[in-house]
Amino acid sequence: MSQPRQAPRSSRFVVVGAGAIGMLYAARLAAAGLETELWARSRAQAAQLDARGIELIDREGSREIAIPARAATDAPGAPADVVLLTVKQPDIDDALISTVMRAGRPGALLLCLQNGIGHMPGLRAAMPGWRAAAVVTTDGALRLGGRAVRHTGTGRLWIEDTDGLECPIRIREGDMTQKMLVRQLKNAGIDAVLSKKMKDRIYQKLLLNAVINPLTALYGVKNGRLPDDPARALLMRRLHEEAFLVLHTDGMSGGEEAWARLHEVCRATADNESSMLQDIRRGRRTEVDWINGGIVALARQYGLAAPLHEAMVTLVRTLEGAADGPST
Ligand code: KPL
């Protein structure tokens, strides 16, 4: 006779990447008492996080210290049930994938929070036995040094609904559904929602990133200053139109309101430096190949032209690695 399935107590999380979003979610999970490990890029940052925890500053300015079970550079501790992959696209390479695979138990769930498109099929093929779900976050966070993060905008964590009884997430106490995971995240103060319309969500976000990110990186301005200048505003319009046509052809819903939403995001994140501008300023490789390059690749599939997005890829690449990046 089959045993009744026990409700799992809680899963074990590994957050890969101690940038703003990684620290925000690791802090929320750890503060809620969920077993959480955080992987940082450098030993110095991992040591700081291990010794003093994450300092999370909320939108009202209240501070709380959350201590993850462990902070490390990459060495896996106990096997994870859920891995939040928060690193940028260029940081996902074979070495990282094999370390992540050693960190999780077979059947673990990988939540992928990258900007852009094109990476999910490769990740799924490289991680057999894992369930990889695309995730879009609208939470805003600002990293204030190696162990402090400010929650700048309350948003939502949209998780691709990949559920199905044939493919449960395996955790220590038995199987777990994505709905159970969402409950755990909500209890930790993360507004997680399962979505069966992820392609649409990913494309809506891509449309914003494909305009705001390269232009802020090239002009060296914060998001709010992008529409101020007529030349920049014209480029915004043309990039938006080109990307909209491609994404709409591939099934993205919506119409003219997308243009208004682009301006709304510039206003709501006026004081932010886009992630691409931050990468340029730090001399890092950007996500332009997955953002504007993603639009170009999709355009080709439909025999469409995307010359402006192609130009963005070339221009941003020329800035990558440049000593100081653009001046403000
Ligand atoms: O997602 C972003 C990014 O910087 O990558 C935007 C929406 C542009 C906010 O800064």
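All of these numbers come straight from a predicted model, not from anything done at the bench.

**Some points on the packing of helix α6 (residues 198-219) against helix α10 (residues 288-301)**
Next up, step 1: Relative orientation of the contacting elements α6 and α10 amounts to 115°, with a least axis distance of 9 Å. As far as their axial angle goes, α10 and α6 are roughly perpendicular. Considering only the axes of α6 and α10, their crossing is left-handed. Every residue of α10 that contacts α6 at Leu 206, Asn 209, Ala 210, Asn 213 and Pro 214 is listed here: Val 288, Ile 291, Asn 292, Gly 294 and Ile 295.
Next up, step 2: Of the residues that constitute the contact of α6 with α10, the class distribution is six nonpolar, four polar and no charged.

**Some remarks on the site of the ligand**
Next up, step 1: Neighbouring residues of the ligand: Asn 115, Leu 208, Asn 209, Ile 212, Asn 213, Asn 223, Val 265, Thr 269, Asn 272, Ser 274 and Ser 275.
Next up, step 2: Broken down by element, the shell around the ligand gets its largest block of residues, four residues, from α6.
Next up, step 3: For the shell around the ligand, the per-class residue count stands at three nonpolar, eight polar and no charged.

**A few points about the UniProt feature "domain: Ketopantoate reductase C-terminal" (unreviewed entry) in the protein**
Next up, step 1: With numbering matched to this structure, UniProt assigns "domain: Ketopantoate reductase C-terminal" (unreviewed entry) to residues 199-320.
Next up, step 2: End C-alpha to end C-alpha, residues 199-320 measures 29 Å, and it is 71% helix and 0% strand.

**As for the domain arrangement of the protein**
Next up, step 1: Domains assigned within the protein are domain 1 (12-196) and domain 2 (200-322).
Next up, step 2: Between the C-alpha centres of domain 1 and domain 2 the distance comes to 26 Å.
Next up, step 3: Counting residues at the interface gives 14 residues for domain 1, matched by 14 residues for domain 2.
Next up, step 4: Its residues assigned to classes, the side of domain 1 that touches domain 2 shows five nonpolar, eight polar and one charged.

**Side note on the sheet that holds strand β5 (residues 70-72)**
Next up, step 1: Taken in spatial order, the eight strands make up an open sheet running β5-β2-β1-β6-β7-β8-β11-β14, and their pairing is mixed. With one partner strand each, in any of the chains shown, β5 and β14 (192-195) form the two edges of the open sheet. Pairwise comparison of adjacent strand axes, ignoring direction, gives a mean angle of 25° for this sheet.
Next up, step 2: Sheet topology places strand β6 (residues 80-85) next to strand β7 (residues 104-112); five bridges connect them, and they run parallel. Following the sheet pairing, Leu 84 is matched in β7 by Leu 111.
Next up, step 3: Against the sheet, helix α2 (residues 43-52) contacts β2 (36-39) and β5, and its axis sits at roughly 170° relative to β5.

**As for the pairing of β7**
Next up, step 1: Handedness of the β6-helix α3 (residues 94-103)-β7 crossover: right-handed.
Next up, step 2: Summarising the sheet, β7 and strand β8 (residues 131-137) pair through four bridges and their orientation is parallel. Opposite Leu 109, over in β8, you have Arg 131 as the bridge partner.

**Thoughts on the environment of Ser 253**
Next up, step 1: You can see Ser 253 is positioned in the loop between α7 (230-249) and α8 (257-268).
Next up, step 2: Sequence-wise, Ser 253 and Lys 197 are 56 residues apart; in three dimensions their C-alpha atoms are separated by 10 Å.

**As for α6**
Next up, step 1: Here α6 is 22 residues long and its end C-alpha atoms lie 31 Å apart, about the 32 Å a rise of 1.5 Å per residue gives.
Next up, step 2: Where α6 bends most, the angle comes to about 30°, and this point is Asn 209.

What counts and what doesn't
Residues numbered from 1 in each chain as written. Predicted model: local features only at pLDDT ≥ 70, side-chain atom pairs only at ≥ 80, totals over all residues. Axes fitted to C-alpha atoms, helices over the stretch in contact; angles between N-to-C directions. Helix = DSSP H or I, 4+ residues; strand = E, 2+ residues; numbered from the N terminus. Parallel < 35°, antiparallel > 145°, perpendicular 65-115°, else oblique. Left-handed = near helix turned anticlockwise from the far one by under 90°. Contact = placed C-beta atoms within 7 Å. Nonpolar A, V, L, I, M, F, W, Y, C, P; charged D, E, K, R; others polar. Near = placed C-beta within 6 Å. UniProt positions renumbered as here; feature names shortened; annotations may be inferred. Domains from an automatic or database assignment. Pairing = 2+ DSSP bridges. Right-handed = clockwise from strand over helix to strand, strands pointing away. Expected span 1.5 Å × (residues − 1). Bend = angle between axes of the 7 residues up to and from the residue.

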